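Descriptive structure summary
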Amino acid sequence: MAEPLSSLIRPHRGPVLPALERLAPPPPDNLVAAEIDARTSPGDIIVELHGRGGWVARSGVNRLRRVYDMEASALTRLVAEIVLRPPDLRHLDAALNALAVQPRGNVGLRQAVNDPFTSTCANCGRPVIVEEFIWDGVASAPSRKSYRCTACRVGEVRLAPVTREDVERAQETDDTVASAALRRRFPTPDPDHTLPDQLLDLYTPRTLVAIQGIIERIESDLRAQSIQAALRLAVVHILLPSSRLNSYPGRGAALRISAGRVRPLADRQWRERNPWLLFEEGCRVVRAFAQRLEGAATGHIQARVGTDLGMLLDGTANVIVRQGNAASPGGALRLPHRHDIPGTLDPRSRIRLVLTQPPIHWTPENLGFAYLATAMALGPEEASSLPLEALFGPPPRTEWAWDAAALRRSLAGVGRVLADDARVVLMLDRTGPGGLVSGVLGGVGAGYRLDRAVLAETGEEISGTLEFAPPQSERPLDHDLPELPPALDPAAPFQLETVEAAVSDVAVAVLQARGEPARFERLLGEVLIGLDRMGHLRRLVGTRTFSETEARADAGAAAVGMFTEAPAHETTPVAEPTVAPEAEPSTSETAPMRPVAKPLEGSSNGSGTDLASSATSWRDPLRHARAPMAVPIEVPVPAPSEGRPAEAGADLDDLAVTVHAQRNEASLQSDSAGSQASSVEFDEARDATDPESGPSDDGTPMGDEPEPHDDPLTASEPMASWDRTGSGSDPVSLLLEIVMGELRRRDHPRLRELEPGRWWLREPADIAAARSPLSDRLEWAVFSLLSTSGSLTESAFFDRVAGMFRGHDTPDEELVRACLESYRSGELAPDGMLRTDDSLQGRYEEHGNLVGMLAEYGHRLGLRCWISRREQRRQFRGAALSEMLSEAEQRAYLPLIAPGAVEALEAVDCIWYLRGKATFLFEVEWTAMLDEAVLRRGPRIESSETLVRFLVIPPERTELVRLKLARSPLLRARMQEDNWHILKADHLRRIHARDQADLEGLGPMLGLDPEIEKQGEQLALFG
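What counts, and at which threshold
- Residues numbered from 1 in each chain as written.
- Predicted model: local features only at pLDDT ≥ 70, side-chain atom pairs only at ≥ 80, totals over all residues.
- Heavy atoms only, no water.
- Phe/Tyr/Trp six-rings, centres within 6.5 Å; stacked < 30°, edge-to-face > 60°.
- Buried < 20%, exposed > 50% of the residue type's maximum accessible area, 1.4 Å probe, protein only.
- Lys NZ or Arg CZ within 6 Å of the ring centre and 35° of its normal.
- Helix = DSSP H or I, 4+ residues; strand = E, 2+ residues; numbered from the N terminus.
- Pairing = 2+ DSSP bridges.
- Right-handed = clockwise from strand over helix to strand, strands pointing away.
- Axes fitted to C-alpha atoms, helices over the stretch in contact; angles between N-to-C directions.
- Parallel < 35°, antiparallel > 145°, perpendicular 65-115°, else oblique.
- Contact = heavy atoms within 4.5 Å.
- Nonpolar A, V, L, I, M, F, W, Y, C, P; charged D, E, K, R; others polar.
- Left-handed = near helix turned anticlockwise from the far one by under 90°.
- pLDDT = per-residue confidence, 0-100.
- Salt bridge = Lys/Arg side-chain N within 4 Å of Asp/Glu carboxyl O.
- Core = buried A, V, L, I, M, F, W, Y, C linked by side-chain atoms within 4.5 Å.
- 1 Å grid on protein atoms, 1.4 Å probe; cavity = no way out; pocket = protein on both sides within 12 Å on 5 of 7 lines; lining within 4 Å.
- Points joined across faces, edges and corners; volume = space filled by probe spheres on them.

Let's talk about the packing of aromatic side chains
Going through the model one piece at a time under the given rule, you end up with 17 aromatic pairs. Taking 5.4 Å as the distance between ring centres and 80° as the angle between the ring planes, the aromatic pair formed by F797 and F798 counts as edge-to-face. The class of F797 is buried, set by a relative accessible area of 0%. Three or more aromatic residues joined by ring pairs make a cluster, and in this case those are Y857, W912, F920, F922 and F950. Residue placement shows R206 over the ring face of F117; its charged tip is 4.7 Å from the ring centre.

Overview of the pairing of strand β24 (residues 918-924)
With 6 of its 7 residues buried, β24 lies for the most part within the structure. In this sheet, β24 lies alongside strand β23 (residues 910-914) in antiparallel orientation, the contact comprising 5 bridges. Residue pairing for β24: Y913 is matched across the bridge by T919. Two strands pair when backbone bridges link them, and β24 and strand β25 (residues 947-953) are joined in this way by 6 bridges, in the parallel orientation. Opposite V924, over in β25, you have V952 as the bridge partner. Between β24 and its parallel partner β25, the chain crosses via helix α33 (residues 931-937), and the hand of that crossover is right-handed.

Considering the side chain of S179
Here S179 lies in helix α7 (residues 176-183). Take S179: its relative accessible area is 18%, and that puts it in the buried class.

Quick notes on helix α1 (residues 29-39)
By the criterion of burial, α1 is predominantly enclosed, with 8 of the 11 residues buried. Taken together, the buried positions of α1 are occupied by L31, V32, A33, A34, E35, I36, A38 and R39.

Concerning the packing of helix α9 (residues 205-220) against helix α10 (residues 225-239)
Look at α9 against α10: their axes get within 11 Å of each other, and the N-to-C directions meet at 170°. If you check the angle between α9 and α10, you find them roughly antiparallel. Between α9, through I211, I214, I215, I218 and E219, and α10, the contact on the second element is made entirely by Q228, L231, R232, V235, I238 and L239. Residue classes in the contact of α9 with α10 are distributed as 8 nonpolar, 1 polar and 2 charged.

A few points about the packing of helix α28 (residues 794-804) against helix α29 (residues 813-823)
Following both chains from N to C, one finds α28 and α29 inclined at 125°, their axes separated by 12 Å at the closest point. One element, α28, and the other, α29, form an angle in the oblique class. Between α28 and α29 lies a crossing whose hand is right-handed. Note on element contacts: α29 touches α28 through V816, R817 and L820, opposite E794, F797, F798 and V801. A breakdown of the residues in the contact of α28 with α29 according to their chemical character gives 5 nonpolar, no polar and 2 charged.

Section: unusual backbone geometry
Although it is not a glycine, A259 adopts a positive phi angle of roughly 55°. Its location among the elements puts A259 in the loop between β9 (257-258) and β10 (261-262). We note that R877 has phi near 55°; this positive angle belongs to a residue other than glycine. Classification of R877 by relative accessible area gives exposed; the value is 61%.

Considering the confidence of the model for the protein chain
Here the protein chain averages 77 in pLDDT, and 74% of its residues register 70 or above. Counted against residues more than four places away or in other chains, residues 564-653, with its pLDDT under 50, gives 233 contacts. Per-residue pLDDT stays below 50 along residues 663-728; that stretch engages in 129 contacts with residues further than four places along the chain or on separate chains.

What about the pattern of salt bridges?
With the rule as written, the count across this model stands at 65 salt bridges. With a closest N to O distance of 3.6 Å, R352 and D44 form a salt bridge. On the criterion of sequence distance, the pair formed by R352 in strand β13 (residues 351-356) and D44 in the loop between α1 and β1 (45-51) is long-range, its members being 308 residues apart. By the burial criterion, R352 is buried, and D44 matches it. Beyond isolated ion pairs, a larger network of salt bridges with shared partners links E35, R39, R423, D451, R452, E467 and R533.

Regarding the environment of A303
Within the secondary structure layout, A303 lies in the loop between α11 (275-294) and α12 (309-314). Distance in space between the C-alpha atoms of A303 and R85 is 6.4 Å, their sequence separation being 218 residues. Setting aside its immediate chain neighbours within four residues, A303 contacts L84, R85, N318 and V319.

A closer look at the nonpolar core
Ranked by size, the top nonpolar core spans 74 residues in total, and within it L309 and V414 carry the most contacts. Here this core gets 9 residues from one element, more than from any other, and that element is helix α18 (residues 496-514). Beyond its immediate stretch of four places on either side in the chain, V414 contacts V47, L49, L333, V354 and Y448. Within the second largest apolar cluster, 73 residues are counted, among which are L75, A100, L233 and A373.

Points about the sheet that holds strand β18 (residues 751-755)
Adjacent strands of a sheet form backbone hydrogen bonds with each other and so pair up, either parallel or antiparallel. Across the sheet, 3 strands lie side by side as β17-β19-β18; this open sheet has antiparallel pairing. Each edge of the open sheet carries a strand with a single partner, namely β17 (518-519) and β18. Note that β18 and strand β19 (residues 758-761) share 4 bridges and pair antiparallel. Pairing of R752 across the sheet is with W760, part of β19.

Points about the layout of surface pockets
Estimated volume of the largest pocket: approximately 1400 Å³. E21, R22, L23, E365 and N366 are, among the 39 residues lining the largest pocket, the residues nearest its centre. Mapped by element, the contributors of at least two residues to the lining of the largest pocket are α10, α13 (364-378), α16 (400-414), β14 (423-431) and α17 (433-445). The element that contributes the greatest number of residues to the lining of the largest pocket is β14, accounting for 5 residues. Of the residues belonging to the lining of the largest pocket, the class tally is 18 nonpolar, 10 polar and 11 charged. Taken as a whole, the second largest pocket holds about 590 Å³ of empty space. Every residue lining the second largest pocket is counted, 34 residues in all, and those nearest its centre are W760, D931, L935, L970 and L971. Breaking the lining of the second largest pocket down by element, the ones donating at least two residues are β17, β18, β19, α26 (764-768), α27 (774-788), α33, α34 (958-967) and α35 (969-977). Counting residues per element, the lining of the second largest pocket draws most heavily on α35, at 6 residues. Of the residues assigned to the lining of the second largest pocket, the class counts are 17 nonpolar, 3 polar and 14 charged.

Here it is in structure tokens:
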């Protein structure tokens, strides 16, 4: 199959609903399409474990694949309903119009909502509908109003002070009934909990009455699921803009909930927007969203929604949408029994790809918004599926271990149905090192092998993909790592010193293979792959105490509901397919689960549920905290070796203490801020560590005396408290500390940190063994492709580049596009094909002409010249360049001209010199490949006050050189230390064409942005 483009693709996202963009951003649709096309064939089944709105399912269905989609939340399930089955726009318009005229008291709903927002125009006195009122902090009445008067000034927004009638109208609304109805939509651990009241206090009484009226009318009418989902998403659009969070002026504040309380808002002005106008605006947003889906260039194939995996296998359905976790009984993928019939194809062979994003990384901001939006738009049953205990209890220091635990469970749940040659592709989206490590540990902890980590450098964030092979796969891994030490004996224990040595070996090997400095994000992915190949990650997740500390993460994640699923609300029971014995889910998964995951089909409220037919209710949201939770979940990971010594480093808390001690000692000796920063987080370790302690079946630590920080979870403390247990209780932080601590070790003999977050080699022997820089190899490959292929489409070009540079050599899209722009023809070809005007023959002749101009201009300055032996054979004005040199110049002994190695001096293209006074070295390049001239040959020529170096480049290479300098601190430092100056070839021709030769004329011509290109001022070269 074709090689996926991965990080070579510029991320392109389809239409996005603004209200949910930050909660669950969708994956880049072009990346999803590339992965599906490269790894599957029509008819294959794709699994999405943590859906963000059905985007993978839509892309798969449009490419004749079949998709099993597990949606991450009730809100993303609403989006999936529209993405997979876009509503008819005429029906959506009709539903809005019908909703507006539905009776609400003695008038229609629209008029009932607008009446409290009715006012008079300050200019003509006619009635107007106010769009928004401006409030001053906690004032009892608004101070200004914003409206449009169709009578006196059509379409113009006017801002005027409120009248006495406006104040009375704002204070006369009774919201007792509406507030009580809305409060019942919020699930809480205690019926008298104050959080719902605090959320409702964000709205004025008339806004609450309006929102409750709209929601009540939506839920009372029977409509198509996609129409119902669209109206509910329009309600989501109302919630933040109509609340006190909508600041004036400026953008709205985030909703933050901590320990069951809304974070107090600053005393500032805020907008009270008209709820009906906001609802109409939300309907227009959803309508435009659906319209863009229908108008996509790729077209759309209608989704046929099924209820079980058998319907995907026999083709009666092309998508299944559920909500929950793939490891749960209701969400698990179960194979039908008919694959046991002799002569039939094993259905596992059809499930070729798991294409998913990580679980939603819950933060106080996005969880608070999800709680508010889900409760308001969908009700308490759907809101109960969120990890609510994170709202009602103190948040932990970090939640990345939760993500690793959730991913591990979902991958373990799907592993039993995957084909032997299947692949799991985890699409990272603007995450950090914690997100990358949690994804790796989640996959390795489920027994998968890490195949590749294709990452892109996007500022301080990481994007790209992680690829895993399932445990049963016998297909060789695709990732081509540089030569590494052999894998250790599987029975060998986990030892910190061995792992740190492996981190160094992998980092050095990757840097040598790339040939240029690399950022931490790039090194981290390759280091994790190397540690997995050498067996260290499996040894880490196989240790006893790792299982125990990971169980704490499981307990915390389960306590906040991350492993649970929404209650079942089918209108008609759906029979589960018969499951063969080998397809039964593991009985070891004993964590509490909610009853069943819901199929999309057969629901009536637009979210795949029917609240009227609900069989269960979420009455005790903290029941997981009170139940025994600290039971490790069995997943297919290698068991620890029997008979190994107890002191082999199996206890991760002891390991954390060792890491802390080493890092603290290093930080005391280090003067660098980066080295100190790497040890601050782990400056305190646990005072006591019992090797026999850990969670038991009843939720209490094992051993004679309980650990002070391993108390069972209770209602008052529903989450694992990692902030008191050190990194040993957070495997993600521990692994990051091991890797970062080793890389930033001040006395590291083989690595050095050139600048924060970017590393290079230290030992001369390691540097000498490094390949030429990846950026230079990529540049030459781009030129070769464009010059030899005749013409290429852009997609074919990226396909070829992706096939040539893989694994540790995978370049970033920014660099690929910079090379392409530097070498492609300036004018766009009529047929859209990529072509280049560069040719080797033309550049060969140009190179000789430029060297000849330099020699001729040097003689005009009264200086002697030297031309490299290889350049003397080139032609200039019909004669060899060697004829431009006198006999004395040809016999010059270069070390007397400039101190340095003879071989390095003789390789310089052109030298001007006045012995004992000044020397000017010129390197003429027609590419942006600066490694040989600047990094390898340049340091062999000693710098001095009388030595000045020039780099002559074509003007079309300016931006590529600029990018390479920005990405390589090594290149920047060498350019500065060795006194390099850049001279563009067109400016050299201008200088050469002048009648009078002088050194001062060079000054305005130097640099990537020379002064002559800005304002033409003449500056002295030497002052």
